[in-house]
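Residue-level listing of the chains:
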Amino acid sequence: MKSHSITLGILGSGQLGRMSALAAAELGIRVHVYGPDKDSPAEHVAAKSYIGSYTDKRKLKAFANSVDVVSYEFENIPVETIRYIQKIKPVYPDDRLLEISQNRISEKKYLNDIGIPTTRWAAIYSPSDIDKAVSDLGAKNYILKTTRFGYDGKGQTVHRASDNAKKSFGKLHSNELILEEMVDFKCEISVIIARDKNGKSAIYGPMLNVHRNHILHTSTVPAKLDAKVGTKAKRSARKLADAVGLIGVLGLEMFVTRDGRILANEIAPRTHNSGHWTIDACSVSQFEQHVRTVCGLPVGNPTPHSAAVMTNLIGNDVKNMKKYYEMKGACIHLYGKLLTRNGRKMGHVTVLKPLRAGLK
Ligand code: AMP
């Protein structure tokens, strides 16, 4: 496929779609976006946008017919929507990866089945399952999470083994939960992998991630970690990408425990917030890799030319931009969101420090 003749469709019209559309434009690829909201971050930069629900087959068909290939920037697109579009145009990554990562039980089960360790967990359908899981796992503290639609710490509660199971179960108003043993982690990291149709892959990270109020605050690269941690983390991401036959980009979030184990926590079947630094610190960003791989082009070299610290601009942070406009090495990215809300990701800033030799 020649890049100048490609039109890429992206389902979801948030900041990830916006940054992929900007990367696509650099490659001469047009992007059509589809999402439920008017005046969205991706709509501002796309060649064309479709406003519609993810179940509106008539609109979805028109969107699919207007593009050569489809991808998504948001993991809560219904799998049925992807399957419907797959009958019209190819969708990458495919429905299988999306389905696995949409449910925390299938996600953990899949990771464990292919030999990627996670924290110990149990599926919970009733309060008595909680009592059983706590005693089977011997967990002192545990987290209950809804299996679907949780993000940035929403849909999860932390408990002690002695808590009343009935009350804990009732708090999340769902009949399907996952109980996870609380990990006493040293730090949180992530790795992002891009894989093309020929199975060639490119990896970013590990990134060292710090959260505030359950929302990613900073990602730092290079992460000051034992080299073995980085090797193991990258090996897990490669194993996962190969197992699902990834065409596209995925992010794998992991905990590094105090005793040196690496436990996978979550799969993002898309570009990831912890990879935003790649726009400014690499010749090929995670967004360009996304566009390249789903459009049938080869993955590019992910080697960074600079060390980077990416800071998310959350809510009112965008009202205090003066220091960033004046800061040496600061690369500012604002998403064009008109409404500032508490906890809303409004933009990010990446501060660069050139590296003498590229990172390995
Ligand atoms: P998640 O929605 O699973 O990405 O969780 C959001 C954040 O909650 C993570 O980044 C961790 O800081 C924390 N967290 C989630 N699961 C666990 C766990 N099993 N043990 C300790 N902390 C966790």
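In what follows, the accompanying structure is described. Bear in mind the structure is a predicted one, so any value in this text is a computation, not a measurement.

1. Let's talk about the sheet that holds strand S4 (residues 69-72)
Point 1. Strand order in the open sheet made by the four strands is S3-S2-S1-S4, with parallel pairing throughout. Strands at the two margins of the open sheet, each flanked by one partner only, are strand S3 (48-51) and S4. Between one strand and the next, the sheet's axes are offset by a mean angle of 20°, whatever the strand orientation.
Point 2. Two elements, strand S2 (residues 30-35) and S3, share four bridges in a ladder whose sense is parallel. When the bridges of S3 are listed, His32 appears paired with Lys48.
Point 3. Most of the contacts of helix H2 (residues 57-65) go to S2, to which it runs at about 170°, and overall it touches strand S1 (7-11), S2, S3 and S4.

2. Here we look at helix H5 (residues 104-113)
Point 1. Restricting attention to buried positions, one finds in H5 the residues Arg104, Ile105, Glu107, Lys108, Tyr110 and Leu111.
Point 2. Taking the backbone nitrogen of Ile105 as reference, a side-chain oxygen 2.7 Å away marks Asn103 as the first, capping residue of H5.
Point 3. Where H5 ends, the next residue or the one after it, Gly115, has phi of about 90°, a positive value.

3. A look at the sheet that holds strand S7 (residues 156-160)
Point 1. With antiparallel pairing, four strands are arranged side by side in an open sheet as S5-S8-S6-S7. Strands with a single pairing partner mark the edges of an open sheet, and in this sheet they are strand S5 (121-124) and S7. Sheet twist, expressed as the average angle between the axes of neighbouring strands with direction ignored, equals 25°.
Point 2. Alignment of strand S6 (residues 141-146) against strand S8 (residues 177-181), held across five bridges, turns out to be antiparallel. Each bridged residue has a counterpart across the sheet, and for Thr146 the counterpart in S8 is Leu177.
Point 3. The strands that helix H6 (residues 127-137) touches are S5, S6 and S8; relative to S5, the one it contacts most, it runs at about 170°.

4. A short note on the packing of aromatic side chains
Point 1. Here the structure, examined in full by the defined rule, presents six aromatic pairs.
Point 2. Considering the side-chain rings of Tyr54 and Phe74, the 6.4 Å spacing of their centres and the 35° angle between planes classify their relative orientation as tilted. With a gap of 20 residues between them, Tyr54 in the loop between S3 and H2 and Phe74 in the loop between S4 and helix H3 (79-86) connect regions that are remote in the sequence.
Point 3. Judged by relative accessible area, Tyr54 falls into the buried class, the value being 13%.
Point 4. Take Phe74: its relative accessible area is 32%, and that puts it in the partly exposed class.
Point 5. One aromatic cluster is present, formed by Tyr34, Tyr50, Tyr54, Phe63 and Phe74 through successive ring pairs.

5. Considering the site of the ligand
Point 1. As a matter of local geometry, the ligand sits amid 17 residues, with Arg104, Lys145, Val183, Glu188 and Glu266 nearest to it.
Point 2. For the ligand, an oxygen atom lies 2.9 Å from a polar atom in the side chain of Arg104.
Point 3. At 3.0 Å, a side-chain N or O of Gln156 approaches an oxygen atom of the ligand.
Point 4. Notes on the ligand: free accessible area 480 Å², of which the protein chains cover 93%.
Point 5. Broken down by secondary-structure element, the contributors of at least two residues to the shell around the ligand are S6, S8, strand S9 (185-195), strand S12 (248-257) and strand S13 (262-268).
Point 6. Among the residues forming the shell around the ligand, the class breakdown is five nonpolar, five polar and seven charged.
Point 7. Taken domain by domain, the shell around the ligand gets at least three of its residues from each of domain 2 (120-181) and domain 3 (185-354).

6. Some thoughts on the pairing of S1
Point 1. Across the five residues that make up S1, a large majority, five, are buried.
Point 2. Looking at chain direction, S1 and S2 are connected through five bridges and run parallel. Across the sheet, residue Leu8 finds its bridge partner in S2, namely Val31.
Point 3. Two elements, S1 and S4, share four bridges in a ladder whose sense is parallel. Considered in S4, the bridge of Ile10 is made with Ser71.

What counts, and at which threshold
- Residues numbered from 1 in each chain as written.
- Predicted model: local features only at pLDDT ≥ 70, side-chain atom pairs only at ≥ 80, totals over all residues.
- Heavy atoms only, no water.
- Pairing = 2+ DSSP bridges.
- Helix = DSSP H or I, 4+ residues; strand = E, 2+ residues; numbered from the N terminus.
- Axes fitted to C-alpha atoms, helices over the stretch in contact; angles between N-to-C directions.
- Contact = heavy atoms within 4.5 Å.
- Buried < 20%, exposed > 50% of the residue type's maximum accessible area, 1.4 Å probe, protein only.
- Polar contact = N/O pair within 3.5 Å; in protein donor to acceptor, adjacent residues only side chain to side chain.
- Phe/Tyr/Trp six-rings, centres within 6.5 Å; stacked < 30°, edge-to-face > 60°.
- Near = heavy atom within 4 Å.
- Areas by Shrake-Rupley, 256 points an atom, 1.4 Å probe, with all protein chains shown as cover.
- Nonpolar A, V, L, I, M, F, W, Y, C, P; charged D, E, K, R; others polar.
- Domains from an automatic or database assignment.

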